[in-house]
Amino acid sequence: MFSLKEVVRAFGGGRRGRLTICRRNLADDGHNRESLFNWRKPVGHSVGISIYNPGMRRKVPLVLRNPRMATWYTCGPTVYDSTHLGHASTYVKVDILQRILRDYFKINLVTAMNITDVDDKIIMRASLDGQDWLQMARDYEAEFRRDMLRLNVKPPDVRSHVTTSMPAIIQFIQELIDDNYAYITSSNSVYFDVSKSKEYGKLAKVTIEEETSSNEKRNSADFALWKARKTQKESSWQAPWGGEGRPGWHIECSAIAGLFFGRTVDFHAGGLDLKFPHHENEEAQCCARFKTDQWVNYWLHTGQLHIAGDQRKMSKSLQNTISVTELLKKYTADEFRMACLLCNYRNAMHYSDDLMQTARQTLQKFKNFHADLSAYVQFLKPVHLLDEGALRAQLSHTMTEFDDCMRDDFNTSRAVSVMLDQMSSISRCINDQKVDAQEEPAYCMDLLMAAGNFINRAMLTFGVTDLAPKETLEEQVPSTTHRIDPSILVDDVLSVRGRMRQEAFSGEKKNSQLLAACDELRTLLQQHGIQVRDHKQGSSWVFAVSCPTDDEKSKSSVE
């Protein structure tokens, strides 16, 4: 629960206005106030999973509108610096949850993420470094995407940039203005009127009280939807209500998620530090826009990462960060993922060498088990007659316990413990047993391999990939510094080509030379299996069904 000082700090300085936010004391609120903030159970199909609800402070049943499909939005990065472990832990934990829903519960999860590529921090950093702000943002975005690939985080189904989503953002703000949920100031900035939001504070359990304001906001708790341009150097877009400016932070996610998923989102994820005010403000905006009392059905907040001994979260502003590159010099991506599994997604993660050594040793136990079991079934170890009934019952118990863990708010820490117990029991059978079992004696090779398969599949579900040596014809690259993501490379090439096309059409007369160069670049990409599709607002690409042969390439070059 937030203290008054913390909440006021979140909204900035200045004398408080006609409204202020204060801490709620649930003991004094009574039954009526508690019911005001009740979570509404969705109408649909229960899938037998319990999920922690931050507003209710307890677990609630997962109910999906479609039992085999769900929508998921994740708050993406603000790309003004390198990715650090605080970011990485959030996205690895989110990846684990999404894999569980997709691969274990077989739910068709449709995922989206924003990329904040225009922001005060981006503009300030670019100005200090003497760089173009958009190019700097693209560079850090490419680095972020590479880091996610190195950590085996699956990309979302769609990423949307703030700079390319401006029409949707402006339309969202205009509708809030038209419905009197937002107001325009004398400077042409736009603010959301928190007093119009009946359930504001339901995530963070805060309420608002009346006071007066000294600045252009009506209420101290109101937050910016649109920031009017203050200097000519600022990046800005034309606004239909007058002047130029750029969007506030909170409206970006609301507009982008609303564009893809509409009036209801099944899951919305982000770090715990985003719960208030970011997620609170998102919910308020979308409930107003879509005229509903519940926009997101399930908010998922990942625990923050701290350096052991430092209670502050890892943050660029605190200068206590460790980059993904620095992590991977000492530990593997699987070891970091195991550390996240052992901490559970909602818990704080106290990063230290002790934690990482525990993760490394735990992962090694899985590798050792896989190696021992493989040796046993290949008759590289002495084979014994085992108690078939006991082994069958134990495997059934393990699978049931694991399933219970997954259905209990994705309790990965307990699930790992359940699998360790199963591995320990089997290891004793195949490594230490000196005499054959007397009851239901059998070699049980099928049950042993079934247990091994179950554990391997569970670890793959969690995104752990390195339990056994890979059989591959591809030559292993010795250093991760030379890895190339083809998708990022093609995106960058098309970004340059897009600017060329824009320049070609910008004058009174088309620049035929630039257009010819664009056509040549598209042909070259086509020859390498990349099919470019030009649209009004840019270009997209797909891998072609088939690539031209060497003869066809030669013929094309001659022509």
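Residues numbered from 1 in each chain as written. Predicted model: local features only at pLDDT ≥ 70, side-chain atom pairs only at ≥ 80, totals over all residues. Heavy atoms only, no water.

Visitor: Looking at this model, I keep getting lost on the nonpolar core. Mind explaining?
Guide: Proteins that are soluble and globular tend to have nonpolar side chains buried together. If you look at the biggest cluster of nonpolar residues, it comprises 135 residues, and the most contacted ones within it are Leu151, Phe267, Phe336, Met459 and Phe462. The element that contributes the greatest number of residues to this core is helix α3 (residues 85-104), accounting for nine residues. With six residues, the next largest nonpolar core counts Val490, Leu525, Ile530 and Val532 among its residues. (Core = buried A, V, L, I, M, F, W, Y, C linked by side-chain atoms within 4.5 Å. Buried < 20%, exposed > 50% of the residue type's maximum accessible area, 1.4 Å probe, protein only. Helix = DSSP H or I, 4+ residues; strand = E, 2+ residues; numbered from the N terminus.)

Visitor: Sorry if this is basic, but what is going on with empty space enclosed by the protein here?
Guide: This model, assessed by the stated rule, comprises three cavities of 30 Å³ or more. Considering the residues around the largest cavity, the lining is formed by 16 residues, among which Trp39, Asn53, Lys202, Leu203 and Gln294 are closest to the centre. For the lining of the largest cavity, the leading source of residues is strand β14 (residues 296-302), giving three residues. Taken together, the residues of the lining of the largest cavity break down into six nonpolar, five polar and five charged. (1 Å grid on protein atoms, 1.4 Å probe; cavity = no way out; pocket = protein on both sides within 12 Å on 5 of 7 lines; lining within 4 Å. Points joined across faces, edges and corners; volume = space filled by probe spheres on them. Nonpolar A, V, L, I, M, F, W, Y, C, P; charged D, E, K, R; others polar.)

Visitor: Explain the packing of helix α12 (residues 388-407) against helix α13 (residues 412-432) to me, please; I cannot follow it from the model alone.
Guide: For any two helices packed against each other, the geometry is given by the interaxial angle and the distance between the axes. Following both chains from N to C, one finds α12 and α13 inclined at 170°, their axes separated by 8 Å at the closest point. On the basis of their axis angle, the class for α12 and α13 is roughly antiparallel. Here Leu391, Gln394, Leu395, Thr398, Glu401, Phe402, Asp404, Cys405 and Met406 of α12 come into contact with α13, specifically with Thr412, Arg414, Ala415, Val418, Met419, Gln422, Ser425 and Ile426. Looking at side-chain class alone, the contact of α12 with α13 contains nine nonpolar, five polar and three charged residues. (Axes fitted to C-alpha atoms, helices over the stretch in contact; angles between N-to-C directions. Parallel < 35°, antiparallel > 145°, perpendicular 65-115°, else oblique. Contact = heavy atoms within 4.5 Å.)

Visitor: Can you help me understand the sheet that holds strand β7 (residues 182-184) in this one?
Guide: In a beta sheet, neighbouring strands pair by backbone hydrogen bonds and run either parallel or antiparallel. Taken together, five strands build an open sheet; the order of strands is β7-β8-β10-β12-β11 and the sheet is antiparallel. Two strands close off the open sheet at either side, each with one partner strand: β7 and β11 (237-238). Relative to strand β10 (residues 223-228), strand β8 (residues 190-192) runs antiparallel, the two being bridged by three bridges. The residue of β10 that forms the bridge with Tyr191 is Ala224. (Pairing = 2+ DSSP bridges.)

These figures come from the coordinates and say nothing about function on their own.
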